[in-house]
Amino acid sequence: MVLVSKHGGGGEEDAAVDFRGNPVEKSRTGGWLAAGLILGTELSERICVMGISMNLVTYLLWDLHLSSAKSATIVTNFLGALNLLGLLGGFLADAKLGRFLTVATFASITAVGVILLTLATTIPGMRPPHCDMSSTRQLHQCIAANGGQLAMLYAALYTIALGGGGIKSNVSGFGSDQFDVNDPKEEKAMLFFFNRFYFAISIGSLFGVIVLVYVQDNVGRGWGYGISGGTMVIAVIVLVCGTTFYRFKKPRGSPLTVIWRVVLLAWKKRSLPHPAHPRFLNDYQNAKVPYTYRFMCLDKAAILDEVAAINQNRYNPWIVSTVTEVEEVKMVLKLLPIWSTGILFWTIYSQMTTFTVEQASFMDRKVGKFVIPAGSMSAFLFIAILLVTSMNEKLFIPIARKLTHNVQGLTSLQRIGIGLVFSIFGMVAAGVVEKERRAFAVGQNTLISVFWLIPQFFLVGAGEAFAYVGQLEFFIREAPERMKSMSTGLFLSTLSMGFFVSSLLVTIVENVTNKQWLKSNLNKGNLNYFYWLLAVLGLLNFLFFLLLARKHQYKNQHYSSSNDNNEELKSSSDKIALEMEGPISMKATET
């Protein structure tokens, strides 16, 4: 039995094929067996990345003797690069390699990076002489790691970032390719795939921050990172061994190419006058997206000059764009204001991997005879995410549906707004706890319990459960239909910018305060001021978000108001909304 799988009516060019390039047989390819093998790759990626990022700051601080601010900056730059490189992975998959080859290649790169990290943290020459950073007397005598010792560490981290970015942007899409949306049974199974995908990454994250962090702190960094590297190698082998079971989609070209082409042509034709009416633009009558008057400077990309018309170049995309292509680029630009307001949320979130972990290292972590690793406290972040996400689907969304009579319950922008509010309260709580922790440590020479950090972990985790889903849903619903594959990359770039802004903010605060707020010994600094600064910035960002959200017109609203006669387009928009309702509400892609 031959299966021709399509997404959104893509036709033969979007049909699924087997590893030989032939139309796939439904009984022999795809389904849960293929999807399960693919899930193993993402599970391993989460184990590696979370096991490294959530405990890296303690290694930089206590073993390499770097300053608190520099340690935090290294971690946030690493996570920022990982998410930003997701755009590269998505581009390569769409433009040339396809999802399978991209995932397999970048998973191998990740394995190499983790092996390099294992060597960088176990070779004695890669670390400075041992020194007790907790001792005030020895603090100023500790020798920090030099450039040569940091070189291999940086090489390992950014190799992992390159590999992880390529996996994150493609693995969920490759997994969903194993199900045919035109088959009711397989379409229903695909919704469960997204749930299980989320479950896999959550289990991987919890394993990383609980088991691997404990191994790193109590057995050795080499063992902890070695287990991560071995896990990734096994995942690559399993992925490749399943080649005959997969369904493949041929690359159709990257949407980034369309955006770049439209912008380039609009710039080259900037001196041409606007036509008297939009109908004189190239392919106006066949446009699949309603024409709009915003960003009219881009319309010039669709102007067909006399020379091009004579030479019959109206079908050459490098000579002239179509109205559809121009309008799709306008739709992407319309997303950027909301995109910008999500950056500060991830700046706040990044503190859970840096300064909050440092806080934990200065607190009482004993439970009986057992000492909780500082990095393992991040487990409460993921527990909060799982708990709130479950409550969202079982409690909050059903109540919202009854109150608003809206199938969605909460719109994507409402979810983002709720997430921003939670993050603000998270920083307020973090500042209060740090003030009390420092008062007891300095005034009474007493360590307060590390469990005082739970409120900030839960508040920021709850914020992520709303903001992550809301942002992802917003980008997928509001992006142009044929640019859906780019939406994940656009979302990941928000995370990336958030981590980079955190690094920039730390540098600015260090310079402005003359390094009085952020010190390696937190008892000598004022980390609480930094948390409260983030709370104030978060509040201002939330007010800016409210202003933009009130003015935003959802894509389906715009379609109905500007093109009532285009029933085909309206039907397509409704279909997208229904398809996205299930998987997106369960946080359908990488965290």
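Just above sits the structure.
Residues numbered from 1 in each chain as written. Predicted model: local features only at pLDDT ≥ 70, side-chain atom pairs only at ≥ 80, totals over all residues. Heavy atoms only, no water.

What is the right way to read a nonpolar patch on the surface from this model?
Together, Leu-387, Met-391, Leu-395, Phe-396, Ile-399 and Leu-403 make up an exposed nonpolar region whose accessible area comes to about 530 Å². Inspection of the secondary structure assignment puts Ile-399 in helix 15 (residues 379-404). Overall, the relative accessible area of 44% leaves Ile-399 in the partly exposed class. (Patch = residues over 30% accessible without salt bridge, like charges linked within 9 Å, V, L, I, M, F, W, Y side chains within 5 Å. Areas by Shrake-Rupley, 256 points an atom, 1.4 Å probe, with all protein chains shown as cover. Salt bridge = Lys/Arg side-chain N within 4 Å of Asp/Glu carboxyl O. Helix = DSSP H or I, 4+ residues; strand = E, 2+ residues; numbered from the N terminus. Buried < 20%, exposed > 50% of the residue type's maximum accessible area, 1.4 Å probe, protein only.)

I keep staring at the pattern of salt bridges and nothing clicks. Help me out?
Opposite charge on two side chains permits pairing when their charged atoms draw close. Following the criterion strictly, the structure yields nine salt bridges and no others. Residue Asp-177 pairs with Arg-99 through a salt bridge whose shortest N-O separation is 3.0 Å. Of this pair, Asp-177 sits in the loop between helix 7 (171-176) and helix 8 (184-218) while Arg-99 sits in helix 4 (residues 99-122), and the two are 78 residues apart along the sequence. The partly exposed category is assigned to Arg-99, whose relative accessible area is 24%. With a closest N to O distance of 3.8 Å, Arg-221 and Asp-217 form a salt bridge.

Help me understand unusual backbone geometry, please; the structure alone is not making it clear to me.
With glycine set apart, most residues show a phi of negative sign, and most peptide bonds adopt trans. Even without being a glycine, His-65 presents a positive backbone phi close to 60°. Position of His-65 among the secondary structure elements: in the loop between helix 2 (56-63) and helix 3 (68-97). Even without being a glycine, Asn-445 presents a positive backbone phi close to 55°. Topologically, Asn-445 is positioned in the loop between helix 16 (412-443) and helix 17 (454-478). By relative accessible area, Asn-445 is classed as exposed at 72%.

Even after reading the chapter, I still don't get helix 6 (residues 147-168), so can you show me in this structure?
An α-helix turns once every 3.6 residues. As a result, residues three or four positions apart point the same way. The terminal C-alpha atoms of helix 6, which comprises 22 residues, lie 30 Å apart, in line with the 32 Å expected from a rise of 1.5 Å per residue. The N-capping residue of helix 6, defined by a side-chain oxygen 3.1 Å from the backbone nitrogen of Gly-148, is Asn-146. (Expected span 1.5 Å × (residues − 1). Polar contact = N/O pair within 3.5 Å; in protein donor to acceptor, adjacent residues only side chain to side chain.)

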